[in-house]
Amino acid sequence: MMSFEVGQIVTTKKAHVCGSKEWVIKRIGADIKLQCKGCGREIVLMRYELEKRLIKK
Ligand SMILES: [Zn+2]
């Protein structure tokens, strides 16, 4: 399992509609809220969904 913290920047495999692949973690709980660095839109994903979408570093 990957570890996450608020304020961390993560990179997804696929770009958001705005073209950015970078997201800032805003909240961590049962699910994880992310804000797109490109357009500022926020999304909420389950942890396993987020892990699937990320580029592993
Ligand atoms: Zn975006």
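In case you missed it, the structure is sitting above this.
As a starting point, this report considers the structure included with it. (Residues numbered from 1 in each chain as written. Predicted model: local features only at pLDDT ≥ 70, side-chain atom pairs only at ≥ 80, totals over all residues. Heavy atoms only, no water.)

**A closer look at the coordination of the zinc ion**
Filter applied, for reference: Sodium, potassium and calcium take a 3.2 Å donor cutoff, other metals 2.8 Å, and in both cases only N, O and S atoms count; water is not among them, so sites may look incomplete. Only two sets of limits are used to name each site, 85 to 135 degrees for every angle of a tetrahedral four-donor site, and over 155 degrees for opposite donors with all other angles from 65 to 115 for a square planar four-donor or octahedral six-donor site, with any other site named irregular. Numbering goes from the N terminus for both helices and strands, where a helix is a DSSP run of H or I of at least four residues and a strand is a run of E of at least two. We call a residue buried when its accessible area falls under 20% of the maximum for its residue type, exposed when it is over 50%, and partly exposed in between, using a 1.4 Å probe and counting protein chains only.
In the first shell of the zinc ion, the protein supplies His16 (ND1), Cys18 (SG), Cys36 (SG) and Cys39 (SG), at 1.9 to 2.4 Å from the metal. Because the angles between the four donor atoms bound to the zinc ion fall within 101 to 119°, the donor set is best described as tetrahedral. Site description for the zinc ion: donor spacing in sequence, H-x1-C-x17-C-x2-C. Remark: cysteine 39 occurs in the loop between β3 (31-36) and β4 (42-46) and histidine 16 occurs in the loop between β1 (9-11) and β2 (22-28); sequence separation between them is 23 residues. Exposure remark for histidine 16: the relative accessible area of 14% places this residue in the buried category.

**Regarding the nonpolar core**
Going by this rule: Residue types Ala, Val, Leu, Ile, Met, Phe, Trp, Tyr and Cys, when buried and joined through side-chain atoms within 4.5 Å, form a set referred to as a nonpolar core. Any two residues whose heavy atoms approach within 4.5 Å at even a single point are treated as in contact.
Of all hydrophobic cores here, the largest spans 11 residues; its members are Phe4, Val10, Trp23, Ile25, Ile32, Leu34, Cys36, Ile43, Leu45, Leu50 and Leu54. By residue number, the principal contributor to this core is β3, which donates three residues. In contact with leucine 54, other than residues within four places in its own chain, are Met2, Phe4, Val10, Thr11, Thr12 and Lys13.

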